[in-house]
Amino acid sequence: MPTFRVAGTDLLAVVSALRDEQGFDLLADLCGLELQGRPVRFGVVIHLLSTTHKEYVRLHVDAVDDRVPSVSSLHPGANWHEREAFDMFGIVFEGHPDPRRILMWDSYPYHPLRKDFPLAGIEVPFPAADVAEVTGQKVEPAPMMGGPFVSHGGKLSEGEPSALDQSWTEEKPKA
Amino acid sequence: MVKSDFGYNSKVEGEVIVTRADAVVNWVRSHSVWPMPMGLACCAIELMAAGGSRFDISRFGMEVMRFSPRQADCMIVAGTVTYKMAEVVRRIYDQMAEPKWVVAMGACASTGGMYRSYATLQGVDNIVPVDIYISGCPPRPEALLDGMMLLQEKIRNEGGSLRRTFRGRTVETKIVS
Ligand code: SF4
């Protein structure tokens, strides 16, 4: 699939030219990504499909200052994809008609797919204050160690498919 | 009272049945448990299967799935409860009229299941009192029926004014006669 690196400032012009002049009329995917160790931490990848030529094209945009122009004015289908990329990575889509979170609740303070966010989560208040008051419930981190399905190591049987080295856990990291 | 050879026989009983109010009330309640299908993930598919003719939950008087919590007796939490949805689950539970029961169907509803992550409530019993836990991922419809029969048994053995305690609060149901 041909891939082009596009600057954020050129993105709308490129997407609309691809749509109107080259026939890439369907937005197949739009997702955020985090590339560690690069000068620009976040990026957005857009897959466009031409329904007439049956071809894909991929655009990669660096999110300078965590910002990318929204393409939902050109492809309305990008609306929810951009909300998800905002929710999970904190990438701000400039000009988005409805820039709310889509998966986590509106008051959630973190962006969970960032590499520095622990899978177990971080303690925050329960989304609804009145329910939290009645139940005493918080949004609690849920580390794998301590869950109901913790394996205590060792092969169950020779025929069992398993990782060769099972000695490492969250508490005892891989050497 | 309908006179028939089944159950009530005026020659034997002399038109009098002696029993306890609790027993009658519980017998009635246990045979028309109207479920509130709180289908949140894949387990809900098995819940639907249990409602179909092959497994036929109506044999137990439970076929009347009520999507209005006001008309439901038992909330079947079938699926993964995320923190975002947990609030809704609790509000719907609060809207159900007493007496009410909760069945946690499957690993997710019981413990969070395989979703040990930032987004998932680790067991619906953190926010509502659960009467029956059903293991499985997903439990087969037979397992659900087994759990519901256990719930019937539990209802039949409930005593007194149906006190229920949840996190220190007592909810009392009064029988008006
Ligand atoms: S217990 Fe298994 S089948 Fe049921 S909701 Fe969870 S993942 Fe799906």
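Predicted model only: the values in this text are computed from it and were never measured.

Caption draft 1: Fine view of the overall build of chain B. When you go through chain B residue by residue, the secondary structure sums to six helices and six strands. For chain B, buried positions account for 47% of its 177 residues. Considering only residue pairs separated by 6 or more positions, chain B has 74% of its internal contacts joining residues 24 or more positions apart. Of the roughly 9,300 Å² of accessible surface on chain B, 55% is carried by carbon and sulfur atoms.

Caption draft 2: How the structure looks around the domain arrangement of chain A. As far as domains go, chain A holds domain 1 (3-94) and domain 2 (118-152). The straight-line distance from the C-alpha centre of domain 1 of chain A to that of domain 2 of chain A is 34 Å.

Caption draft 3: Up close: the packing of aromatic side chains. Counted by the stated rule, this structure contains seven aromatic pairs over all chains. Aromatic pair Tyr110 of chain A and Phe117 of chain A: ring centres 5.8 Å apart, planes at 55°, arrangement tilted. Assessed through its relative accessible area of 30%, Tyr110 of chain A is described here as partly exposed. Residue classification places Phe117 of chain A among the buried positions, given a relative accessible area of 9%. Residues Phe126 of chain A and Tyr83 of chain B carry aromatic rings whose centres are separated by 6.4 Å and whose planes lie at 80° to one another, so their mutual orientation is edge-to-face. Here the residue Phe126 of chain A occupies a position in the loop between strand E7 (124-125) and helix H3 (129-135), and Tyr83 of chain B occupies one in helix H4 (residues 83-95), the pair thus bridging two chains. Members of the aromatic cluster, joined through ring pairs, are Trp105, Tyr108, Tyr110, Phe117 and Phe126 of chain A together with Tyr83 and Tyr118 of chain B. Between the NZ or CZ atom of Lys100 of chain B and the centre of the ring of Tyr93 of chain B, over which it lies, the distance is 4.2 Å.

Caption draft 4: The site of the ligand, seen in detail. As a structural note, the neighbourhood of the ligand is formed by Ala41, Cys42, Cys43, Gly79, Thr80, Ala107, Cys108, Met114, Tyr115, Gly136, Cys137 and Pro138 of chain B. Classifying every residue of the shell around the ligand by side-chain character gives nine nonpolar, three polar and no charged.

Caption draft 5: Fine view of the pairing of strand E2 (residues 74-78) of chain B. Residues and elements named next belong to chain B. With five of five residues buried, E2 is to be regarded as a mostly interior element. Where strand E1 (residues 35-39) meets E2, five bridges bridge the pair, whose relative direction is parallel. By the bridge assignment for E2, Pro35 is matched with Cys74. Chirality of the crossover, the property in question, places the unit of E1, helix H3 (residues 43-51) and E2 among those that are left-handed.

Caption draft 6: A look at the sheet that holds strand E3 (residues 42-50) of chain A. Residue and element names in this part refer to chain A. On the basis of which strands lie adjacent, the open sheet formed by four strands has the order E1-E4-E3-E2 and mixed pairing. Sheet topology places strand E1 (3-6) and strand E2 (26-34) at the edges, where each strand pairs with a single neighbour. In this sheet, adjacent strand axes meet at a mean angle of 20° when their direction is disregarded. Against the sheet, helix H1 (residues 11-20) touches E1, E3 and strand E4 (55-62), its axis set at about 175° to E4. Set on the sheet, helix H2 (residues 78-89) makes contact with E2 and E3; between it and E2 the angle comes to about 5°.

Basis of the calculations
- Residues numbered from 1 in each chain as written.
- Chains lettered and ligands numbered in written order.
- Predicted model: local features only at pLDDT ≥ 70, side-chain atom pairs only at ≥ 80, totals over all residues.
- Heavy atoms only, no water.
- Helix = DSSP H or I, 4+ residues; strand = E, 2+ residues; numbered from the N terminus.
- Buried < 20%, exposed > 50% of the residue type's maximum accessible area, 1.4 Å probe, protein only.
- Contact = heavy atoms within 4.5 Å.
- Areas by Shrake-Rupley, 256 points an atom, 1.4 Å probe, with all protein chains shown as cover.
- Domains from an automatic or database assignment.
- Phe/Tyr/Trp six-rings, centres within 6.5 Å; stacked < 30°, edge-to-face > 60°.
- Lys NZ or Arg CZ within 6 Å of the ring centre and 35° of its normal.
- Near = heavy atom within 4 Å.
- Nonpolar A, V, L, I, M, F, W, Y, C, P; charged D, E, K, R; others polar.
- Pairing = 2+ DSSP bridges.
- Right-handed = clockwise from strand over helix to strand, strands pointing away.
- Axes fitted to C-alpha atoms, helices over the stretch in contact; angles between N-to-C directions.

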